[in-house]
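If you want the building blocks of each chain, they are given just below.
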Protein chains: 2
Amino acid sequence: MASGKVMDPENLNENVKKTVYAVRGELYLRASELQKEGKKIIFTNVGNPHALGQKPLTFPRQVMALCQAPFLMDDPHVGLLFPADAIAKAKHYLSMTSGGVGAYSDSRGLPGVRQEVANFILQRDGYPSDPENIFLTDGASKGVAQVLNALIRDEKDGVLVPIPQYPLYSATIQLLGGTLVPYYLTEEENWGMSINELRRSVTEARRKGICVRGLVFINPGNPTGQCLTEKNLGELIEFCIQERIVLMADEVYQQNVYQDERPFISARKVLMGMGPPASEALELVSFHTVSKGFLGECGQRGGYFEMTNFHPKTVDELYKVSSIALSPNVSGQIMMGLMVNPPKPGDISYPQYEAESKAISLSLRKRAHIMTDGFNACENVVCNFTEGAMYSFPQVKLPQAAVAAAKKAGKAPDVFYCLRLLEATGISTVPGSGFGQKEGTFHVRTTILPSEKDMPGIMESFKKFNQDFMAQYADAKSKL
Amino acid sequence: MASGKVMDPENLNENVKKTVYAVRGELYLRASELQKEGKKIIFTNVGNPHALGQKPLTFPRQVMALCQAPFLMDDPHVGLLFPADAIAKAKHYLSMTSGGVGAYSDSRGLPGVRQEVANFILQRDGYPSDPENIFLTDGASKGVAQVLNALIRDEKDGVLVPIPQYPLYSATIQLLGGTLVPYYLTEEENWGMSINELRRSVTEARRKGICVRGLVFINPGNPTGQCLTEKNLGELIEFCIQERIVLMADEVYQQNVYQDERPFISARKVLMGMGPPASEALELVSFHTVSKGFLGECGQRGGYFEMTNFHPKTVDELYKVSSIALSPNVSGQIMMGLMVNPPKPGDISYPQYEAESKAISLSLRKRAHIMTDGFNACENVVCNFTEGAMYSFPQVKLPQAAVAAAKKAGKAPDVFYCLRLLEATGISTVPGSGFGQKEGTFHVRTTILPSEKDMPGIMESFKKFNQDFMAQYADAKSKL
């Protein structure tokens with residue numbers, strides 16, 4: 001029944017109504033309710049390291065503090081609290097600004113930081129990068145939205161998105177009124193990508209009258225964690241050139257790699273390595289962030305995207321849209337500078353920075369194993385190893401009786417399972433349906449972020465819950 | 001000729017192509033070019049106080065620094081650099097977070113800060129406010145975009161926007177594919193708003209098949225500076241209730257008022273004061289920010305919007321959209337807390353906070369006068385007093401010959417004038433056409449932000465340029 005309101009929930013932008021984002025959806029809202037009622041909740045629904053006890057690195061935070069309060073550096077006592085290299089670094093970043101962190105910067109971000117990002121890319125890949133093609137954003141998500149907004153002209157424009165995917169993509173495409181074109185990753189092949197599957201997906205979409213304009217891939221993957229090889233990336237690039245598709249490389253987890261067989265290699269490096277004509281033919285957008293890696297600075301909102309081989313007027317159009325919100329937050333931009341231009345051997349703070357960052361990286365690697373092994377030790381649960389990123393995405397083989405009970409409760413089966421897990425253990429996850437999954441399979445996404453200290457207890461908790469759940473809903477046969 | 005690119009500038013989202021945002025448009029880009037060539041530029045194109053020498057207030061920045069580097073508070077020397085109340089305040093805000101400023105917060109912002117915003121509203125207006133209806137955002141602009149995105153369903157949905165307006169509104173409405181419905185302010189009546197003009201505008205729009213859903217007003221006005229009376233606001237509210245329109249109150253300049261006849265009064269206060277049924281009938285969204293006032297913390301990106309009388313499910317939909325980008329930057333949220341919950345009499349830092357803020361407010365008031373008087377002393381220039389906000393918006397009566405020269409140069413007349421002003425004096429302004437103006441009139445927007453020290457020189461510079469320009473293009477008659 002109509003409420004009489006102008007903005008009645010039925011009378012909103014249809015795309016807003018249709019949009020779904022499960023990472024802070026039903027499970028999270030239920031977990032928050034329970035938390036308010038006093039239940040202890042372990043939030044493993046989002047990659048938010050500091051919320052689970054990971055400490056920020058010291059040096060970057062010293063510099064950030066000095067940038068917020070530059071007058072500290074006029075005080076003779078400043079050296080008692082801050083090392084000389086943090087003081088120098090703060091002055092370095094402040095000199096890039098016109099008036100400090102409280103002034104709007106260039107709409108694409110401080111030119112000085114963009115230069116440092118370009119230097120980082122050159123150092124990482126061996127190929128030069130142009131700061132004029134680099135945009136700093138309030139987190140990578142805003143950059144993704146901006147590029148998709150320019151790309152999607154109407155509902156006939158499609159963007160290829162891996163299934164399972166991080167639902168920023170499905171939500172944003174829906175919000176922009178475009179069409180999501182799914183391509184399925186192969187769980188049995190370590191969540192591998194297949195060019196045949198991409199071809200199938202594109203053919204099917206075109207048959208339906210969709211103009212496929214973009215292809216998103218996440219490397220390392222979210223929620224799936226797989227790391228792509230140089231060969232994979234080469235094939236992807238050739239495919240996009242052939243099919244005239246813009247390639248969007250979500251590489252925000254490039255510093256979260258937990259095996260040595262497939263180290264991170266950027267799409268841009270592979271592209272440049274192919275030489276002309278390919279290296280000049282593909283329109284590539286690459287995304288990165290301060291939120292992940294070992295910094296884990298989610299709350300600062302520092303991201304960038306780099307455009308390769310884009311028409312200069314298109315870059316101008318993206319600049320124009322950036323300018324409407326004037327500028328990304330300057331403090332977050334400085335954190336981006338600090339990420340791509342860290343302390344070097346010989347710097348006062350280098351040993352501490354090295355020690356802190358290595359400890360976190362090693363611990364994440366360890367926890368990737370603990371969690372994978374823990375899930376694989378559970379009945380009816382199989383879990384691919386978390387090669388990279390921050391998540392574990394086990395497959396739970398739900399018995400028929402559980403599927404039926406879920407249906408009766410009006411819930412998708414994996415939502416049902418995750419709600420029961422939450423009520424029993426306080427572990428707040430995101431059901432696989434939030435990311436997309438092959439029909440008939442069910443998954444759960446957690447993060448590998450709970451501390452090493454807490455993790456064994458959490459896995460025990462999960463194991464017990466799962467055991468009880470499987471016993472409760474065991475297939476009739478197995479109960480005999 | 002087609003470039004062969006997938007994202008050829010012709011093949012982008014039409015709404016992106018059509019969007020214009022003059023504040024960082026042609027004049028700004030030309031000024032930036034000249035600056036790179038070594039010319040001294042005075043940027044008065046955007047309300048960016050710190051870029052023109054205004055200092056941040058000390059206490060908030062002390063707290064922000066400690067929030068970035070909480071480990072400082074473990075150091076016995078911390079009291080040498082930070083007063084006890086800043087330390088306590090930092091602990092206060094950090095206790096609201098789950099893991100400090102590097103962790104994503106609730107998608108609507110830290111509940112603790114939203115409570116402080118609600119307290120501020122109660123104290124300001126005398127009516128209670130619910131934190132559940134308050135959303136913190138990365139600057140007020142993002143909040144405006146979010147609300148408009150939900151409101152605008154298709155190109156037939158219209159939003160009333162004052163002319164002249166701050167072009168965030170025209171640009172965002174275009175980007176979202178809606179229709180801007182202009183209502184003209186009356187320059188001769190101090191940029192006053194007229195209900196008759198609103199009625200005319202709505203009638204005209206409806207005649208064209210537009211469904212008018214929203215009404216934006218900016219109080220104090222941008223670029224026009226006028227402050228609305230309680231009567232004005234009452235009429236506006238009644239009009240919106242009658243016509244079933246959502247009222248969007250851009251009140252970001254509420255702490256920038258330079259006369260005493262019309263102090264700031266919030267739309268919400270007037271609405272609540274009307275009592276039921278009106279006080280429950282109007283859907284009102286109110287916007288505020290840390291960017292203006294005396295803090296001027298543009299680069300931090302801290303804003304909020306408050307929804308009054310919205311359907312709870314609509315609030316949920318807006319929450320859902322917020323959740324896709326996970327959370328606004330936490331540091332900016334803390335700055336919002338610091339703004340609405342400043343030092344109080346008795347606090348150690350209160351005298352300094354009072355002195356610093358009063359100095360800035362008094363100086364802005366002084367500069368509002370200097371600038372208005374300066375413009376009014378120029379030939380063919382008339383300028384309404386800047387009652388509030390941060391801008392001066394003089395009308396320049398361009399001689400016919402100048403209009404002809406502009407046409408010959410392929411420029412709008414006020415763009416032509418502003419470019420010449422820039423080349424001659426380095427003063428970078430925004431032409432009135434960027435904000436909208438009555439046909440046949442020409443305006444220039446500058447800010448009142450150049451320092452008191454610099455301002456006389458700037459006004460002299462302008463006066464001389466204008467004199468020379470008017471002499472060059474004098475009407476034939478007056479040359480006799």
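Refer to the preceding data block for the structure.
Attention here is on the structure that accompanies the text. (Residues numbered from 1 in each chain as written. Chains lettered and ligands numbered in written order. Predicted model: local features only at pLDDT ≥ 70, side-chain atom pairs only at ≥ 80, totals over all residues. Heavy atoms only, no water.)

A closer look at the pattern of salt bridges
Residue and element names in this part refer to chain B.
Stage number 1. Taken as a whole, this structure holds 50 salt bridges over all chains when the rule is applied.
Stage number 2. Note that Glu423 and Arg30 form a salt bridge whose closest N and O atoms lie 3.1 Å from each other. With Glu423 in helix H17 (residues 413-425) and Arg30 in helix H2 (residues 26-36), this residue pair connects regions lying 393 residues apart in the sequence.
Stage number 3. Looking at Glu423, the relative accessible area reads 38%, which means it is partly exposed. (Salt bridge = Lys/Arg side-chain N within 4 Å of Asp/Glu carboxyl O. Helix = DSSP H or I, 4+ residues; strand = E, 2+ residues; numbered from the N terminus. Buried < 20%, exposed > 50% of the residue type's maximum accessible area, 1.4 Å probe, protein only.)

Structural notes on the nonpolar core
Stage number 1. In terms of nonpolar packing, the biggest core is built from 321 residues, with Leu215 and Phe217 of chain A together with Leu215 and Phe217 of chain B touching the most fellow members.
Stage number 2. Apart from residues lying up to four places away in sequence, Phe217 of chain A is in contact with Tyr183, Met193, Leu228, Leu233, Leu236, Leu247, Met248, Ala249, Asp250, Glu251 and Ala267 of chain A. (Core = buried A, V, L, I, M, F, W, Y, C linked by side-chain atoms within 4.5 Å. Contact = heavy atoms within 4.5 Å.)

A closer look at the interface of chain B and chain A
Stage number 1. Each side of the interface is counted separately: chain B has 96 residues, and chain A has 96 residues.
Stage number 2. Each partner contributes to the roughly 8100 Å² buried at the junction of chain B and chain A, and carbon and sulfur atoms together form 59% of this total.
Stage number 3. On the chain B side of the contact with chain A, Met7, Tyr104 and Ile324 of chain B bury the most area, a combined 10% of that side's loss.
Stage number 4. Run the count over chain B and chain A and you get 0 salt bridges.
Stage number 5. Where chain B packs against chain A, one counts 46 residue pairs in polar contact (both at pLDDT 80 or more).
Stage number 6. Among the secondary structure elements, those contributing two or more residues to the side of chain B that touches chain A are helix H1 (14-18), H2, helix H3 (58-68), helix H4 (78-81), helix H7 (140-151), helix H8 (168-175), helix H13 (312-324) and helix H14 (330-340) of chain B.
Stage number 7. For the side of chain B that touches chain A, the element with the most residues is H13 of chain B, which contributes 8 residues. (Buried area = accessible area lost by both parts, 1.4 Å probe. Polar contact = N/O pair within 3.5 Å; in protein donor to acceptor, adjacent residues only side chain to side chain.)

A few points about the relation of the copies chain B and chain A
Stage number 1. Of the transformation superimposing chain B on chain A, the axial component is 0.0 Å and the angular component is 180°, with the fit at an RMSD of 0.0 Å. Here the copies are linked by what is in effect a two-fold axis. Of the C-alpha atoms belonging to chain B, the one lying closest to the rotation axis is found on Ala65 of chain B, 2.0 Å away.
Stage number 2. Comparing interface residues between copies, 100% of those in chain B also sit at the interface in chain A, which points to an isologous, same-surface contact. (Least-squares fit on C-alpha atoms with pLDDT ≥ 70 in both.)

A few points about the packing of helix H15 (residues 350-376) of chain A against helix H18 (residues 455-472) of chain A
All names here are of chain A.
Stage number 1. Where H15 meets H18, the closest approach of the two axes is 10 Å, and the angle between their N-to-C directions is 15°. It follows that H15 is roughly parallel to H18 by the angle criterion. Read as a crossing pair, H15 and H18 show a hand that is right-handed. Residues Arg367, Ile370, Met371, Gly374 and Phe375 of H15 form the contact with H18, whose participating residues are Met455, Met459 and Phe462.
Stage number 2. When its residues are assigned to classes, the contact of H15 with H18 shows 6 nonpolar, 1 polar and 1 charged. (Axes fitted to C-alpha atoms, helices over the stretch in contact; angles between N-to-C directions. Parallel < 35°, antiparallel > 145°, perpendicular 65-115°, else oblique. Left-handed = near helix turned anticlockwise from the far one by under 90°. Nonpolar A, V, L, I, M, F, W, Y, C, P; charged D, E, K, R; others polar.)

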